[in-house]
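Tertiary structure, described
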Amino acid sequence: MVTTHNPPDSLDRPEAKASGSRALWDRHRRATSGEGGLGALLVSPTLLVLAVAVLYPTIVALKDSFYGTPGLDPRTGFVREHDPFVGADNYTAVFGAAGDRFWNAFWNTTFLAVTTVALETVLGIAMALIMHRALRGRAVVRASILVPWAIPTAVTGLLWRWIFNSDGVANALIGRQILWTTEGFHAKVAVIVADVWKTAPFIGLLVLAGLQVISKEVYEAARMDGAGALRQFWSITLPLVKPALLVAVLFRTLDALRMFDLPYILIGAQKSSVETLSMLAQDQAANVRFGPAAAYAVILFVYVFLIALAFVRLLGADVVPRRHKEVAA
């Protein structure tokens, strides 16, 4: 009886490697298919809620943005019973003479979002470092820092409106008489101060969660190597809390781009100094101009979506698990 043996190098052939990779991928796919089905089942209620609360209103707003304001029909001379279809006129109007108010609101939205998020990031990191230190009365310090974030935005607006009153605390501290709630750059400053005071603790809370998972042995090793406090912060603390910090900054950026209630209550409606896109859309809807209001809302939605997409892309978020990439390769 003759026994045939494969040569030792047969397993090193490209065909054998490819066959082994495919078999490994098939086993991994079969093992995770059950987990994927269970995951889809568990996520389905959330997806249903998002579809009802987000997807449907977005589709309705997109449809309404193609209609104009009811008025006299130039062909018949009678009042229209339904909103006239105007196509993309509500969108092209923002590039005409009537778009001055839109672009003012657009730049106000961008300026307030960038300024507040930048200040909140710096203060939030400082708050997280303070809350993370083993100080006496640390629980009281943490509670006092988080109180502004827990206060409703409407209450915050009323509180800071009293502070920025003509005879309020702000003017008493600086020794000058400034009308903070009127038109001008000082109105932007009032909104920025109030928003930073309220939401900087949110970033501090997420950064604190990232700080608490850093092992103390890392800092001990750095101190043994002669690294000072500043060097430890830049080389250890900041890189290790980067994932939590990026999530916090992303959430705050998206929230700041939708800013409405704080400037609306603190400064007031139809103030060109602080009018945002959300305020502009609300004002148009309140004046029964639902078509332009829907168009502004859609533009804001696209703006927020593009900012979120650019944020994730530029910061290199890994949406595909690394182990899946290795198996697929």
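Below you will find a few notes about this structure.

Rules used in this analysis
- Residues numbered from 1 in each chain as written.
- Predicted model: local features only at pLDDT ≥ 70, side-chain atom pairs only at ≥ 80, totals over all residues.
- Heavy atoms only, no water.
- Patch = residues over 30% accessible without salt bridge, like charges linked within 9 Å, V, L, I, M, F, W, Y side chains within 5 Å.
- Areas by Shrake-Rupley, 256 points an atom, 1.4 Å probe, with all protein chains shown as cover.
- Salt bridge = Lys/Arg side-chain N within 4 Å of Asp/Glu carboxyl O.
- Helix = DSSP H or I, 4+ residues; strand = E, 2+ residues; numbered from the N terminus.
- Buried < 20%, exposed > 50% of the residue type's maximum accessible area, 1.4 Å probe, protein only.
- Phe/Tyr/Trp six-rings, centres within 6.5 Å; stacked < 30°, edge-to-face > 60°.
- Polar contact = N/O pair within 3.5 Å; in protein donor to acceptor, adjacent residues only side chain to side chain.
- Contact = heavy atoms within 4.5 Å.
- Axes fitted to C-alpha atoms, helices over the stretch in contact; angles between N-to-C directions.
- Parallel < 35°, antiparallel > 145°, perpendicular 65-115°, else oblique.
- Left-handed = near helix turned anticlockwise from the far one by under 90°.
- Nonpolar A, V, L, I, M, F, W, Y, C, P; charged D, E, K, R; others polar.
- Core = buried A, V, L, I, M, F, W, Y, C linked by side-chain atoms within 4.5 Å.

Let us look at a nonpolar patch on the surface. Together, Leu-38, Leu-41, Leu-42, Val-43, Leu-47, Leu-50 and Val-54 make up an exposed nonpolar region whose accessible area comes to about 670 Å². Mapped onto the secondary structure, Leu-50 falls in helix α1 (residues 14-64). On the basis of relative accessibility, which here comes to 44%, the residue Leu-50 falls in the partly exposed class.

Moving on, we get to the packing of aromatic side chains. In this structure the tally under the stated criterion is 16 aromatic pairs. Between the aromatic rings of Phe-66 and Tyr-91, the centroid separation amounts to 6.0 Å while the plane-to-plane angle is 55°, which identifies the pairing as tilted. One end of the pair, Phe-66, is in the loop between α1 and α2 (89-92); the other, Tyr-91, is in helix α2, with 25 residues separating them in the sequence. Take Phe-66: its relative accessible area is 29%, and that puts it in the partly exposed class. Relative to Trp-197, the ring of Trp-160 lies with its centre 5.7 Å away and its plane at 70°, an arrangement referred to as edge-to-face. Of this pair, Trp-160 sits in helix α5 (residues 153-163) while Trp-197 sits in helix α7 (residues 185-211), placing them 37 residues apart in sequence. Classification of Trp-197 as partly exposed rests on a relative accessible area of 30%. Here the aromatic residues Phe-95, Phe-102, Trp-103, Phe-106, Trp-107, Tyr-296 and Tyr-303 are joined through ring pairs into a cluster of three or more.

Within the secondary structure layout, Thr-121 lies in helix α3 (residues 100-132). A distance of 2.7 Å separates the side chain of Thr-121 from the backbone oxygen of Val-117, its partner in a polar contact. In contact with Thr-121, not counting residues within four places along its chain, are Ile-203, Leu-245 and Val-249.

On to the packing of α7 against helix α10 (residues 242-257). Working note: a packed helix pair is described by the angle between its axes plus the distance between those axes. Relative orientation of the contacting elements α7 and α10 amounts to 155°, with a least axis distance of 8 Å. In this view, α7 runs roughly antiparallel relative to α10, as classed from their interaxial angle. The way α7 lies across α10 gives a crossing that is right-handed. Contact residues: Asp-195, Thr-199, Phe-202, Ile-203, Leu-206, Val-207 and Gly-210 in α7; Ala-244, Leu-245, Ala-248, Phe-251 and Arg-252 in α10. Within the contact of α7 with α10, the residues separate by chemical class into eight nonpolar, two polar and two charged.

This paragraph deals with the nonpolar core. If you look at the biggest cluster of nonpolar residues, it comprises 60 residues, and the most contacted ones within it are Phe-102, Phe-164, Val-191, Leu-266 and Ile-267. Excluding residues within four positions of it along the chain, Phe-164 makes contact with Ala-170, Trp-180, Ala-190, Val-193 and Leu-266.

Among the secondary structure elements, Ala-105 is positioned in helix α3. A relative accessible area of 0% means that Ala-105 is categorised as buried. As a C-alpha pair, Ala-105 and Thr-276 span 171 residues in sequence and 4.5 Å in three-dimensional space. Discounting residues that sit within four places of it in the chain, Ala-105 has contacts with Glu-275, Thr-276, Leu-277 and Leu-280.

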